[in-house]
Amino acid sequence: MTGSKPQRTAPEPLEGPVVGTVTGGTIIWFALFLIQLPFYGWYSAHGHAWWIWTCLAGGGLGLIGIWYVRGRDAAIKRAAAADSPDSADSAGSAGSAGTAGSQPPSP
C-alpha cells in the first residue's frame, strides 16, 4: 500500500452485565446439550455426534468463564472501592458502628 490512513485511538472497552451474559450463554449451551441428547442415535448415524459434544464442551467452558468473570468483576469492584476517596472515611465510621453499609456516614 502506498498511502497510510491516520491511526485512530482505540475506544474504551464496553462494560456491561458480563457475568449475566456469560451465565446466560452457559445455560444455553447446556440446554442445547440436553435437548440433543435424546437424539444421540440419529446424530451418530448421520455423522453429527460432534454437535452434542460441542454443546457439552461449550457448557463446560462456560462454567470456567463464569468463574473467571465473577473474579474479574469482584477485583474491579475492590479496586474501585480502594481508589474511592471516601472509602477510608466510610469504612472507619461504619466499622465502629457495627453496621457496615446500612447507613451513610454522618458529616
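Residues numbered from 1 in each chain as written. Predicted model: local features only at pLDDT ≥ 70, side-chain atom pairs only at ≥ 80, totals over all residues. Heavy atoms only, no water.

Quick word on the pattern of salt bridges
No. 1: Taken as a whole, this structure holds 2 salt bridges when the rule is applied.
No. 2: With a closest N to O distance of 3.1 Å, E15 and R72 form a salt bridge. Of this pair, E15 sits in the segment before α1 (18-36) while R72 sits in helix α3 (residues 49-83); the two residues are 57 residues apart in sequence, bridging distant segments of the chain.
No. 3: With a relative accessible area of 53%, E15 lands in the exposed category. (Salt bridge = Lys/Arg side-chain N within 4 Å of Asp/Glu carboxyl O. Helix = DSSP H or I, 4+ residues; strand = E, 2+ residues; numbered from the N terminus. Buried < 20%, exposed > 50% of the residue type's maximum accessible area, 1.4 Å probe, protein only.)

Description of the packing of aromatic side chains
No. 1: Following the criterion strictly, the structure yields 5 aromatic pairs and no others.
No. 2: Between Y40 and W53, the ring centres sit 6.0 Å apart and the planes meet at 65 degrees, which makes this aromatic pair edge-to-face. With Y40 in helix α2 (residues 40-45) and W53 in helix α3, this pair connects stretches of sequence that are 13 residues apart.
No. 3: Among the residues examined, W53 registers a relative accessible area of 43% and is labelled partly exposed.
No. 4: An angle of 85 degrees between the planes, with centres 6.0 Å apart, marks the rings of W50 and W51 as edge-to-face.
No. 5: The exposure class assigned to W50 is exposed, which follows from its relative accessible area of 51%.
No. 6: Among the aromatic residues, those joined into a cluster by ring pairs are W42, Y43, W50 and W51. (Phe/Tyr/Trp six-rings, centres within 6.5 Å; stacked < 30°, edge-to-face > 60°.)

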